[in-house]
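Report on the structure
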Amino acid sequence: MSIYDTLNPQQKEAVLHTEGPVLILAGAGSGKTRVLTHRIAYLIEEKGVNPWNIMAITFTNKAAGEMRERVDKIVGFGSESIWVSTFHSSCVRILRRYIDRLGFDHNFTIYDTDDQKSLMKDICKRLQIDTKVHKERAILSAISSAKDELVTPEEYELNNMSDFSKKKIAQAYKEYQKELRKNNALDFDDLIVKTVELFQACPDVLDYYQERFRYIMVDEYQDTNTAQFKFVSLLASKYKNLCVVGDDDQSIYKFRGANIGNILGFEKVFSDAKVIKLEQNYRSTQNILNSANEVIHNNIGRKEKSLWTDNEEGSLVHYRQFMNAYEEAEFIAGDISRKVREADCQYKDCAILYRTNAQSRLFEEKFLMANIPYKLVGGVNFYARKEIKDLLAYLKTVDNARDDLAVRRIINVPKRGIGATTLAKVQDYASEHDMSFYDALKEAENIPTLGRAAAKIEPFVTFVQSLRSKTEYFSPSELLNDIIEETGYVMELKAEGTEEADARIENIDELITKIVSYEEENEDPTLSGFLEEVALIADIDTVDGDGNQVLLMTLHSAKGLEFPYVYLAGMEDGIFPSYMTITADDPAELEEERRLCYVGITRAMKDLTLTCAQQRMIRGETQYNKPSRFIREIPRELVDLGRDFKEQKIKEIPLPNTMKQMKQAFKQPAFIPKQFEVKKSAGLSYNVGDTVKHIKFGVGVVKNIVEGGRDYEVTVDFDKSGTKKMFASFAKLKKVE
DNA sequence: CTCCGAATAGTTTTT
DNA sequence: CTATTCGGAG
């Protein structure tokens, strides 16, 4: 029996169909990674394809790493020469080799969002664009969208001649590209765009890579944008062995330019494409899968498919509503502790998913108090922290002499008495003589307007020059240590002695660890290489399965992952779906949110809990939200509303001290609005099937409980008065034993 | 030039 | 609520 016999018929077909274009529509949890890895193994072992000729593109470095690991396990040897990487790292690798053809240096810098913003700020000042009217962020996102669609500055301008504000953006776009080139830098989007440009401008380079990558596979294909599609189709246009895997129901990156047309129109572009659907889900219980199916069914623009599973029915989907976000977080923390204590699961089996990063704070707080180990994914990127960016800017300055942005960042860190006016004078001189900022610094004594300030610049230049001369025989980590030493960066922080400063020192230590481990993992470690790795790291990449801790992350980050126990928190209209999408007049936006919800639900293997809060602090203001409309889309019979009886059961269990304390601290909300008071204090002490007593109608049996906006609508079949519907807060029903 | 406090604007989602 | 920006004093 071969390893391919363990696959189901559709999976097997996808693995064996190696020649020509293939579109695999893989539902959530249908084993697509398994198909991809087996397909690679099959190509190598059965088809005799050289591993060197195989390319697999994933969405994150983490996914790439896992894929390689799994291929390693089933392929005896040669797996290390397969290209398994993300779009961005693939492109960087190609550009590092050939970007001189486009007039850049090989050691170009990659600009992150912060860098982009400061560059754009400069440009706006220079072009006299009022940032009150055109915000830097908005301009940058317009540019980014243009790049996603492979629209050049010139084309953008031509397309928007009549629109005044877009003409401004066109101007900024042009200038922005010019600045990037001057700084020998590329932004994220450029990595793809420039590679496509390279392929189009240099047929020999394209041909080289076409020959090299005869078999190409793309994961998470539904999230590719136009530029990425172009990149892949150029590469595949010679041998046409392109296999893409995706699920239109999991397309959640439209805001970032993902073009769903890439997946829906694949058969049109590649007319002889083989289409295979994977519809058996191996991940979730029936109840979870059915909930997901029902929710996604409300979307109109989708390829109909029916996901099914052989798995057991499993427990119901839990739904809990709370007064506020504190109680929500408290419940989840308590629920997880209980499960762990009762040995149902380990911390690492649990994940909390939410819509926005800001929601993580409360969970962190509660988890700290409850002594639950957790790992936060996302939020402020490690490499975006000030101290890290400062030190990296030093390294960038050393690495790429033309990166003005990096030089300007560090010229006065630590304080050297060089201020804005001095910088402006140097900049003027640089522009006048058409040289880089740093080159102008080197000639500081020749700049007449500077006066005394020139003396302050000199030591800085000497310092950088000495660092540069060391690159020959110093490793990156030695260089970093040197920088820390010479600038006294850590020393200064130590002197501060605050908690915050200590945290920064810790971060710097972590950076040192990272650079050392980079050197250990790579045969030929270079400064450029390290900076590149750092620039392309995603939050999720740093997550490993080693630690036994609860994972906290956004729904977006959770794509492609699975957990036995999943909590979807903040299920409220206005949070999820977000306020923006509810008020937008484009129903497609709501559909994207629904797909996000689908992604969230299908992350769960065994157990899913949905929670929401009636009031929540957002930006210092209290908001009152209705339960998410997505909740209502799950059939009632699949949901456990877990009233009284279950909640009491939870409370009976002795709580650890920390939990008691935290209960105490958050027991009393500062302010409870009147309309909720009734419901909060009363709760519902009865469930469907219970016998209750009404002050006027007498005794009856509860037939149904329906959740309304701020109250429960209860249907009771009374012995004497017949069936009545009433609101729980007014009816004052009492349970009869 | 630097430091500090006050004012102000802002939040989806990310490679 | 919080991160960033701005303005004025030293």
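Definitions and limits used
- Residues numbered from 1 in each chain as written.
- Chains lettered and ligands numbered in written order.
- Predicted model: local features only at pLDDT ≥ 70, side-chain atom pairs only at ≥ 80, totals over all residues.
- Heavy atoms only, no water.
- UniProt positions renumbered as here; feature names shortened; annotations may be inferred.
- Helix = DSSP H or I, 4+ residues; strand = E, 2+ residues; numbered from the N terminus.
- Rg over C-alpha atoms; globule rule 2.2 N^0.38 Å.
- Buried < 20%, exposed > 50% of the residue type's maximum accessible area, 1.4 Å probe, protein only.
- Areas by Shrake-Rupley, 256 points an atom, 1.4 Å probe, with all protein chains shown as cover.
- Lys, Arg positive; Asp, Glu negative; His and termini not counted.
- Charge placed at Lys NZ, Arg CZ, Asp CG, Glu CD.
- Near = heavy atom within 4 Å.
- Polar contact = N/O pair within 3.5 Å; in protein donor to acceptor, adjacent residues only side chain to side chain.
- Nonpolar A, V, L, I, M, F, W, Y, C, P; charged D, E, K, R; others polar.
- Core = buried A, V, L, I, M, F, W, Y, C linked by side-chain atoms within 4.5 Å.
- Contact = heavy atoms within 4.5 Å.
- 1 Å grid on protein atoms, 1.4 Å probe; cavity = no way out; pocket = protein on both sides within 12 Å on 5 of 7 lines; lining within 4 Å.
- Points joined across faces, edges and corners; volume = space filled by probe spheres on them.
- Axes fitted to C-alpha atoms, helices over the stretch in contact; angles between N-to-C directions.
- Parallel < 35°, antiparallel > 145°, perpendicular 65-115°, else oblique.
- Left-handed = near helix turned anticlockwise from the far one by under 90°.
- Pairing = 2+ DSSP bridges.

Going by what an unreviewed UniProt entry lists, chain A is known as ATP-dependent DNA helicase and is assigned to Blautia celeris. Per UniProt, the comment on chain A under Sequence similarities (unreviewed entry) is "Belongs to the helicase family. UvrD subfamily."

Focus: the overall build of chain A
Scanning chain A from N- to C-terminus turns up 32 helices and 23 strands. Relative to the 2.2 N^0.38 estimate, which gives 27 Å for 737 residues, the radius of gyration of chain A is 29 Å and therefore close to what a compact globule would have. If you line up chain A on its principal axes, its C-alpha atoms span 100 × 65 × 55 Å. Counting every position in chain A, which comprises 737 residues, the buried fraction comes to 54%. Approximately 34,200 Å² of chain A is accessible, and the part contributed by carbon and sulfur atoms is 50%. Counting 101 positive and 116 negative side-chain charges, chain A places the averaged centre of each group 6 Å from the other.

Description of the protein's contact with DNA strand B
In the neighbourhood of DNA strand B, 27 residues make up the surrounding shell, with Lys135, Arg256, Arg355, Gly419 and Thr421 lying closest. For DNA strand B, the fraction of atoms within 4 Å of the protein that belong to sugar or phosphate moieties is 61%. Backbone polar atom of phenylalanine 59 to a sugar or linking oxygen of DNA strand B: 3.4 Å apart, as the coordinates give it. Contact distances for DNA strand B include 2.8 Å between a phosphate oxygen and a side-chain N or O atom of threonine 554. Of all the elements, helix H19 (residues 420-432) adds the most residues to the surface near DNA strand B, at three residues. Residues that form the surface near DNA strand B fall into these classes: eight nonpolar, twelve polar and seven charged.

Digging into the nonpolar core
Generally speaking, a soluble globular protein has its nonpolar side chains buried in company with each other. The biggest cluster of nonpolar side chains holds 51 residues, and the ones touching the most others in it are Leu392, Leu395, Leu441 and Leu511. It is helix H21 (residues 453-470) that provides the largest number of residues to this core, a total of eight residues. Once residues within four sequence positions are removed from consideration, leucine 395 is found in contact with Leu479, Leu480, Ile483, Ile515, Leu527, Phe530 and Leu531. Core analysis: the second largest hydrophobic core is formed by 45 residues, Tyr98, Phe199, Phe231 and Leu234 among them.

Digging into the protein's contact with DNA strand C
Every residue near DNA strand C is listed here: Lys121, Arg361, Arg619 and Gly620. Expressed as a percentage, the sugar and phosphate content of the atoms of DNA strand C within 4 Å of the protein is 62%. For DNA strand C, a phosphate oxygen lies 2.6 Å from a polar atom in the side chain of arginine 361.

A closer look at empty space enclosed by the protein
As enumerated under the stated definition, the model contains one cavity of 30 Å³ or more in all. Along its surface, the largest cavity is lined by Arg96, Phe108, Thr109, Ile110, Lys396, Asp399, Ser528, Leu531, Glu532 and Ala535. Counting residues per element, the ones that place at least two in the lining of the largest cavity are strand E4 (109-111), helix H17 (386-399) and helix H25 (527-535). Among the elements that take part in the lining of the largest cavity, H25 stands out by supplying four residues, more than any other. For the lining of the largest cavity, a count of residues per class yields four nonpolar, two polar and four charged.

A word on the packing of helix H6 (residues 136-148) against helix H9 (residues 188-201)
At a minimum axis separation of 9 Å, H6 and H9 run at an interaxial angle of 25 degrees. Taken as axis vectors, H6 and H9 run roughly parallel relative to one another. For the pair H6 and H9, the crossing hand works out as left-handed. Contacts between H6 and H9 involve Ser144, Lys147 and Asp148 from the first element and Asp189, Asp190 and Val193 from the second. Taken together, the residues of the contact of H6 with H9 sort by class into one nonpolar, one polar and four charged.

Concerning the sheet that holds strand E2 (residues 54-58)
One open sheet holds the six strands; their spatial order is E3-E2-E6-E7-E1-E8, and the pairing between them is parallel. In this open sheet, the two edge strands, each paired with only one partner strand, are strand E3 (83-86) and strand E8 (274-278). Shown here is a sheet whose adjacent strand axes are inclined to one another by a mean of 15 degrees, direction ignored. Of the pairings in the sheet, the one linking strand E1 (residues 22-26) to E8 comprises five bridges and is parallel in character. Looking across to E8, one finds that isoleucine 24 is bridged to isoleucine 276. Most of the contacts of helix H3 (residues 61-74) go to E3, to which it runs at about 160 degrees, and overall it touches E2 and E3.

Considering the pairing of strand E12 (residues 350-354)
Within E12, five of the five residues are buried, which leaves the element mostly enclosed by the surrounding structure. Relative to strand E15 (residues 563-568), E12 runs parallel, the two sharing four bridges. Bridged to leucine 353 within E15 is leucine 568. For E12 and strand E14 (residues 550-554), the ladder comprises four bridges, and the chain directions are parallel. Within E14, the residue paired with isoleucine 352 across the bridge is leucine 552.

Some points on unusual backbone geometry
Here the residue pair valine 413 and proline 414 is connected by a cis peptide bond, since its omega of -5 degrees sits within 30 degrees of zero. With an omega of 5 degrees, the peptide bond between phenylalanine 576 and proline 577 qualifies as cis. Structurally, proline 577 can be placed in the loop between E15 and helix H26 (579-583). Even without glycine at this site, aspartate 434 takes up a positive phi of about 55 degrees. Within the secondary structure, aspartate 434 sits in the loop between H19 and helix H20 (437-442). For aspartate 434, a relative accessible area of 68% puts it in the exposed group. The residue arginine 619 is not glycine, and still its phi comes out positive at about 50 degrees.

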